[in-house]
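# Observations on the model geometry
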Amino acid sequence: MLYRLLGGVLLAAIGSSPAQAQRTNEDVVAQADDAFGVSIGNERVGLYSASDVRGFSPATAGNIRLEDLYYDRAGSFTDRLHTGTTIRVGLTSQDYLFPAPTGIAEYRVRRAGKKPLVSVLLGYGTLGGGRIEVDAELPLDPDRLGLTAGIGFYADELPAGNGGYFVSLASAMHWRPGGDVEVIPFWSRIDGIDREAMPVFVPGSDRLPPRVERRRFIGPAWTDARTVSTNMGIVTRGGTGNWETALGVFRSVQEDRTGFVDLVAGIDPSGQANRLVTSQPSRQQSSTSGEARVGRRLIEGNRLHRITLALRGRDRHNEYGGGRTIDFGPQPFDAPLNDPKPDFSFGRQTNESVTQWTPGLGYGLQWRGVGSLQLGAQWTDYRKRIFLPGGNTAEAHEQAWLFNAAASIQLASDLALYGSYARGLEESGIAPDTVINRGEALPAIFTRQVDAGLRWVLPNSMRLVAGAFEIEKPYFAANEENRFVELGTVRHRGLEFSLSGSPAKRLSLLAGAVFMQPDVTGLPVEQGRIGRRPVGQTGTILTLSGNYDVIAVEGLALTFAANHRGNRLGDRLNRVMLPPVTTLEAGLRYRFHLGEVPSLLRFRVTNLTNAYEWQVVSSGSYAVTAPRSFTLFLTMDL
């Protein structure tokens, strides 16, 4: 039924009259308010992303917000569902009820415009892959009811020479029955097909792996993964007088129907290594979550008071374990593994469930021309039950108060100061594939964050944000037995800067920097079992992105970007240092008309200097990153 609805929306929009441009107007550099991280469509700029904010992952920590509401996401969203991602930290996170210590990744569901529209994207790259995306908007009643739908087909080519196919679909409805009431039901799905496992190199000593040729696949062809990510739910919000209500109920499922891990382990000085391939039985992560709110506004002259009562909840279920590893013996570390697929006999799996309820009370004050104040208190009840293969069970139960406070002061019309404190109970993710407890859901952790800074509007509408932050969390890494466990406390203390705007005519610019000191403390550090710096974490991030409109050619803009990451440590004992790396990008954007159809052509070359670096998968485990490549996208708004 959902597929028929999606197809009907696409056909109806195609059969309607032409509309004004939509996706051809996407320009992530020009539309970003700051350099802390924004994605629009298939373009992303900034310091941070949904998987990395100040050195931690909002997605892993459970800090996803959809339409401003709490969402415990198990399966990935598709871009066909949402308009993009915005990272909220520092001053921008103060607009959110109960801001989280790891930052917030905000998503918005696509909405239909006033006129029917079909946007088509045809793309080549990266690394020789391709894509076709079709998004439709159908306003059945421009002021009350609209439908959106999208479908995408992707052939991915990856740095290690592996690849796969993906199909993504999404549909949503926006209904405004009257007043301030809005109802948004939605559904999305991503199917991953025939994606071979990426070889992971484990030198087994205090050095990096020997350099390997990128885009040359050495894994067995039968390590194909089959995955399905599904998200669905409904958002409703409304109000009457000074009362406001909001409700979101969501269902998210990640199915890994087949999965493999390919390890090139114990590489010796002669270049010999053992090939270990693990096959995983079908496993699933699923979550039902949501949030209900009721709030009251009080206007007092230039002051707006808001009191909000909220309830967040989730019921998550995970399956993991039961995989089987086969050792294919020693061979040259970079030789293709062409052995036939063996018979993998799986073991029994571990099942676990997490139930969490969190009521909270928040107070907000917006004082025009003076500043703002946000206070929040939550009480959380967290319960995890683990059902082991032998029939035994284990249980963890936490109850705690969580507090947050934030304030900003408007010193002048162009200058504001801000500061905040937050304590949270967050998820810590799952153990990586390279450890013996791969896929195991890690325990929930208490986290703490303090930050402060300023926002200054400069001449030519340039915006500067400068801040300092400190975040503390329990530290997880692989121990001596290669089991991923808690090994101390990690603290990220640093400075972050964002500069955005148009410093000169026809030039849009985004620049950002993070200077951070990541530090691990605890008994394992004192005993010499782990080093003082966390695995894979850099202390320096620099980014610069820009567009320059060419005056001689209407619609043509030159694009450029530079990204720098400082050195990183590759193992838990801090013996392996990965050098700093800088990557450059260049390209162009050309807006034009194919007949009467608004169109956008985008060309981009990434990693211009063909810089070579290793990605740290976990302690002592590495994967190759992408060489120089290019993309070519044509977008049309029909």
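The rules behind each value
- Residues numbered from 1 in each chain as written.
- Predicted model: local features only at pLDDT ≥ 70, side-chain atom pairs only at ≥ 80, totals over all residues.
- Heavy atoms only, no water.
- Helix = DSSP H or I, 4+ residues; strand = E, 2+ residues; numbered from the N terminus.
- Rg over C-alpha atoms; globule rule 2.2 N^0.38 Å.
- Buried < 20%, exposed > 50% of the residue type's maximum accessible area, 1.4 Å probe, protein only.
- Contact = heavy atoms within 4.5 Å.
- Areas by Shrake-Rupley, 256 points an atom, 1.4 Å probe, with all protein chains shown as cover.
- Lys, Arg positive; Asp, Glu negative; His and termini not counted.
- Charge placed at Lys NZ, Arg CZ, Asp CG, Glu CD.
- Pairing = 2+ DSSP bridges.
- pLDDT = per-residue confidence, 0-100.
- 1 Å grid on protein atoms, 1.4 Å probe; cavity = no way out; pocket = protein on both sides within 12 Å on 5 of 7 lines; lining within 4 Å.
- Points joined across faces, edges and corners; volume = space filled by probe spheres on them.
- Salt bridge = Lys/Arg side-chain N within 4 Å of Asp/Glu carboxyl O.

## Re the overall build of the protein
Within the protein, the regular secondary structure consists of four helices and 35 strands. Against the globule reference of 26 Å for 638 residues, the protein gives a C-alpha radius of gyration of 25 Å, in line with a compact fold. Expressed as lengths along the three principal axes of its C-alpha atoms, the size of the protein is roughly 75 × 60 × 50 Å. In the protein, buried positions account for 53% of the 638 residues. For the protein, restricting intrachain contacts to residue pairs at least 6 apart in sequence, the fraction spanning at least 24 positions comes to 66%. A total accessible area of about 27,400 Å² is found for the protein, and carbon and sulfur atoms account for 56% of it. The averaged location of the 65 negative side-chain charges in the protein is 2 Å from the averaged location of its 67 positive side-chain charges.

## Quick word on the pairing of strand β12 (residues 199–202)
The two faces of β12 match: P199 and F201 on one face and V200 and V202 on the other face are all buried. Two elements, β12 and strand β14 (residues 243–265), share four bridges in a ladder whose sense is parallel. Paired with V202 across the two strands is A265, which belongs to β14.

## Some words on the side chain of T308
Within the element layout of this structure, T308 appears in strand β17 (residues 303–320). Here T308 falls in the buried class, since its relative accessible area comes to 10%. Excluding its chain neighbours within four sequence positions, the residues that come into contact with T308 are L97, R293, V294, G295, G360, L361 and G362.

## Some thoughts on the confidence of the model for the protein
On average, residues of the protein carry a pLDDT of 91, and 97% of them reach 70 or more. Confidence drops under a pLDDT of 50 for residues 12–20, and excluding neighbours within four residues, the segment shows 17 contacts in the predicted structure.

## Examining unusual backbone geometry
Backbone torsion omega between G125 and T126 reads 5°, so that peptide bond is classified as cis. Here T126 shows up in the loop between β7 (117–124) and β8 (130–141). At F98, a position not held by glycine, the phi torsion is positive, near 55°. Relative to the helices and strands, F98 resides in the loop between β5 (82–88) and β6 (104–109). Of note in the backbone geometry, N460 takes a positive phi value of approximately 65° without being a glycine. As for its placement among the helices and strands, N460 is situated in the loop between β23 (445–457) and β24 (463–478). A relative accessible area of 54% places N460 in the exposed class.

## Quick look at the layout of surface pockets
Its boundaries defined by the atoms lining it, the largest pocket holds a volume of some 600 Å³. Lining of the largest pocket is provided by 32 residues; of these, D68, E244, R293, R306 and T308 occupy positions nearest its centre. Those elements giving two or more residues to the lining of the largest pocket turn out to be β13 (224–240), β14, β16 (283–300), β17, β19 (350–367) and β20 (371–387). Sorting elements by how many residues they give to the lining of the largest pocket places β19 first, with five residues.

## Some remarks on the environment of L97
Considering the arrangement of structural elements, one finds L97 in the loop between β5 and β6. Residues L97 and P199, 102 residues apart in the sequence, show an inter-C-alpha distance of 42 Å. In this structure L97 touches E291, R293, T308, A310, R312 and G362, once residues within four positions along its chain are discounted.

## Comments concerning the pattern of salt bridges
Going through the model one piece at a time under the given rule, you end up with 44 salt bridges. Of the charged contacts in the structure, one is a salt bridge between R275 and D262, with a shortest N-O distance of 2.9 Å. Remark: D262 occurs in strand β14 and R275 occurs in strand β15 (residues 272–280); sequence separation between them is 13 residues. One continuous salt-bridge network, built from bridges that share partners, spans E67, R88, E106, R108, R111, R176 and E182.

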